[in-house]
Amino acid sequence: MPSIEKLSKLFKALASSNLQAAEEVARQIAAEEDRKGHRTAAQLLRGSLVPNGTSNLNGQASQGRIESPSFLMGALSRSFPQVRLSDVALREATRTRLGEVVQEFQAQERLRSLGIRRRSKLILHGPPGCGKSLSASALANELGLPLYVVRFDSVIGAYLGQTATHLRQIFHFAEVTECVLLFDEIDALGKTRGSTTDVGELDRIVIALMQELELSDLKGFIVATSNIPDSLDAALWRRFDLAVEIPSPNQREIATFARAKAKSFKLTLRRDHFNRIVRLKNYAEVESAVEDEARRLALKGL
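The rules behind the values
- Residues numbered from 1 in each chain as written.
- Predicted model: local features only at pLDDT ≥ 70, side-chain atom pairs only at ≥ 80, totals over all residues.
- Heavy atoms only, no water.
- Helix = DSSP H or I, 4+ residues; strand = E, 2+ residues; numbered from the N terminus.
- Buried < 20%, exposed > 50% of the residue type's maximum accessible area, 1.4 Å probe, protein only.
- Contact = heavy atoms within 4.5 Å.
- Areas by Shrake-Rupley, 256 points an atom, 1.4 Å probe, with all protein chains shown as cover.
- Expected span 1.5 Å × (residues − 1).
- Core = buried A, V, L, I, M, F, W, Y, C linked by side-chain atoms within 4.5 Å.
- Phe/Tyr/Trp six-rings, centres within 6.5 Å; stacked < 30°, edge-to-face > 60°.
- Lys NZ or Arg CZ within 6 Å of the ring centre and 35° of its normal.
- Salt bridge = Lys/Arg side-chain N within 4 Å of Asp/Glu carboxyl O.
- Pairing = 2+ DSSP bridges.

Could you give an account of the overall build of the protein, naming the residues involved and the relevant values?
When you go through the protein residue by residue, the secondary structure sums to 14 helices and eight strands. When burial is assessed residue by residue, the protein has 43% of its 302 residues classed as buried. In the protein, once contacts between residues fewer than 6 apart in sequence are set aside, the share between residues at least 24 apart is 71%. When the accessible surface of the protein is totalled, it reaches about 16400 Å², and 52% of it is carbon and sulfur.

Laid out in structure tokens, this is it:
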């Protein structure tokens, strides 16, 4: 947080309409945040000083609609994934489909010259714990793009129309920033309209989401995940360029994954323990069980 002294100087400069002094103090505050390692905050603060434009989370100016840097900081969490698609336990057909998206992005200029549109809006669906979010992270890494995860607690507003406004700001960010924007568990925003138990505002949110998906021209990608695809509005599916199902693993896939995870911990699983693990339902449960065993043995050897 900026010092009270700096904030006092900023307020005094604004009160006296001394914009030059206010800008100088603002730049000092941004520099302090940078030194503290708060890179995103510093970039947003610097970007906010650019007139007649908006700042994105890369600190670059974008022309047009003015957005709230503070809202974007709360609504988007940035990361640079290290996992590759080859590291994710996916069936070969699924890996191939995601690989094609990477190829399209790399060859987008050629596709554009031929009048062919690359796919940029994906939805990954299937049961929990089967690798949807991890696949989105791996896809961002393969594309060489930063990953931004949308925080629904910041997007969903308390007032009529506020959520739609927030969605417009987030999609505009994706239109001016080359990134992968992840709507993890999009079920929170895209449930089937017309439920007698929901208020009308929820239907308006679904409509706003569909309009943004329909009209946005992305520099990067939108990736959504869903654990309960049957709950999504039927019209929402048409707004995505590609829907990829990531199913529950079978017992053979579970066993292969368990052995690989145990090997990463330099762990040899006892037969009885291994037999219990292969009866688990998804990769997340297997990973947790193997790591628990590795942790138990490591502490036992202390």
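Back to the write-up after that little detour.
Quick one: what's the story with helix α9 (residues 162–176), residue by residue and with numbers?
Here α9 spans 22 Å end to end across 15 residues, near enough to the 21 Å set by a 1.5 Å rise per residue. Looking only at α9, the buried set comprises Thr163, His166, Leu167, Gln169, Ile170, Phe171, His172, Phe173 and Ala174.

Tell me what's going on with the nonpolar core, and back it up with residues and numbers.
Ile170, Leu181 and Phe183 are the most contacted members of the largest nonpolar core, which has 32 residues in total. Among the secondary structure elements, those contributing two or more residues to this core are α4 (69–75), β5 (147–150), α8 (152–155), α9, β6 (180–183), α10 (200–215), β7 (221–226) and α11 (234–237). Per-element accounting of this core gives the leading share, six residues, to α10. If we skip the residues at most four places from it in the chain, Phe183 touches Val150, Phe152, Leu167, Ile170, Phe171, Leu189, Ile222, Val223, Ala224 and Thr225. Leu85, Val88, Leu145 and Leu182 belong to the second-largest nonpolar core, a separate cluster that totals 25 residues.

Run through the packing of aromatic side chains, naming residues and quoting values.
A full pass over the atoms with the stated rule returns five aromatic pairs. Between Phe257 and Tyr283 the ring centres are 4.7 Å apart and the planes differ by 50°, which places this aromatic pair in the tilted class. You can see Phe257 sitting in helix α12 (residues 251–264) and its partner Tyr283 sitting in helix α14 (residues 283–300), a full 26 residues away along the chain. Grouping residues by exposure puts Phe257 and Tyr283 together as buried. Chaining the aromatic ring pairs together yields one cluster made of Phe152, Phe171 and Phe183. Positioned above the aromatic ring of Phe221, the side-chain terminus of Arg118 is 4.7 Å from the ring centre.

So, the pattern of salt bridges: which residues are in play, and what are the values?
Scanning the model with the defined rule gives 18 salt bridges in all. Between Glu100 and Arg119 there is a salt bridge whose closest N-O contact spans 3.7 Å. Pair noted here: Glu100 is in helix α5 (residues 92–106) and Arg119 is in the loop between α6 (108–113) and β4 (121–125), with a separation of 19 residues, a long-range link. Judged by its relative accessible area of 32%, Glu100 is partly exposed. Within this structure, Arg270, Asp272, Arg276, Glu293 and Arg296 form a network of salt bridges that share partners.

Residues and numbers for the pairing of β6, please.
Residues Val180 and Leu182 line one face of β6 and the alternating positions Leu181 and Phe183 line the opposite face, and both faces are buried. Judged from the three bridges that link them, β5 and β6 form a sheet pairing that is parallel. Within β6, the residue paired with Leu147 across the bridge is Val180. Across four bridges, the pairing between β6 and β7 is parallel. Residue pairing in the sheet places Val180 in a bridge with Phe221 of β7.

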